[in-house]
Amino acid sequence: HCLVCQREIDCDRGNGYSWKITLLGNYWKSKVKQEWLSGKYSNVPSQFSLPEKSVYPMDVDTWGEILEAEPER
């Protein structure tokens, strides 16, 4: 089960991408989302201490979900 939102998968599939392209295209996005939601990047001392792949293009709803989870930490 992919951690990326179903609407993103549906959008990729609606654009004619195969399951393999959809999976590969969303792998890093799902990994970054899970790391943000787990709190891995909470309370970092500066932007320079974030790993290279800590930010990835995601839709507004996904970033909203991440930001809503942050105050609970």
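A brief structural summary. (Residues numbered from 1 in each chain as written. Predicted model: local features only at pLDDT ≥ 70, side-chain atom pairs only at ≥ 80, totals over all residues. Heavy atoms only, no water.)

## With respect to the overall build of the chain
Then, in step 1: When helices and strands are tallied, the chain shows 3 helices and 0 strands.
Then, in step 2: Element order for the chain, N to C, with α for helix and β for strand: α-α-α.
Then, in step 3: Residue burial in the chain is summarised as follows: out of 73 residues, 29% are buried.
Then, in step 4: At a minimum sequence separation of 6, the contacts of the chain that also span at least 24 residues come to 61%.
Then, in step 5: Accessible area for the chain stands at about 5,300 Å²; split by element, carbon and sulfur atoms hold 57% of it. (Helix = DSSP H or I, 4+ residues; strand = E, 2+ residues; numbered from the N terminus. Buried < 20%, exposed > 50% of the residue type's maximum accessible area, 1.4 Å probe, protein only. Contact = heavy atoms within 4.5 Å. Areas by Shrake-Rupley, 256 points an atom, 1.4 Å probe, with all protein chains shown as cover.)

## Digging into the packing of helix α1 (residues 6-14) against helix α2 (residues 19-37)
Then, in step 1: Across the interface, α1 lies against α2 with an axial gap of 10 Å and an inter-helix angle of 140 degrees. For the pair α1 and α2, the sense of crossing is right-handed. Between α1, through Glu 8, Ile 9, Asp 12 and Arg 13, and α2, the contact on the second element is made entirely by Trp 19, Thr 22, Asn 26 and Lys 29.
Then, in step 2: Within the contact of α1 with α2, the residues separate by chemical class into 2 nonpolar, 2 polar and 4 charged. (Axes fitted to C-alpha atoms, helices over the stretch in contact; angles between N-to-C directions. Left-handed = near helix turned anticlockwise from the far one by under 90°. Nonpolar A, V, L, I, M, F, W, Y, C, P; charged D, E, K, R; others polar.)

## Describing the side chain of Glu 35
Then, in step 1: Inspection of the secondary structure puts Glu 35 in helix α2.
Then, in step 2: Judged by its relative accessible area of 14%, Glu 35 falls in the buried class.
Then, in step 3: Among residues more than four places away in sequence, those in contact with Glu 35 are Lys 40 and Tyr 41.

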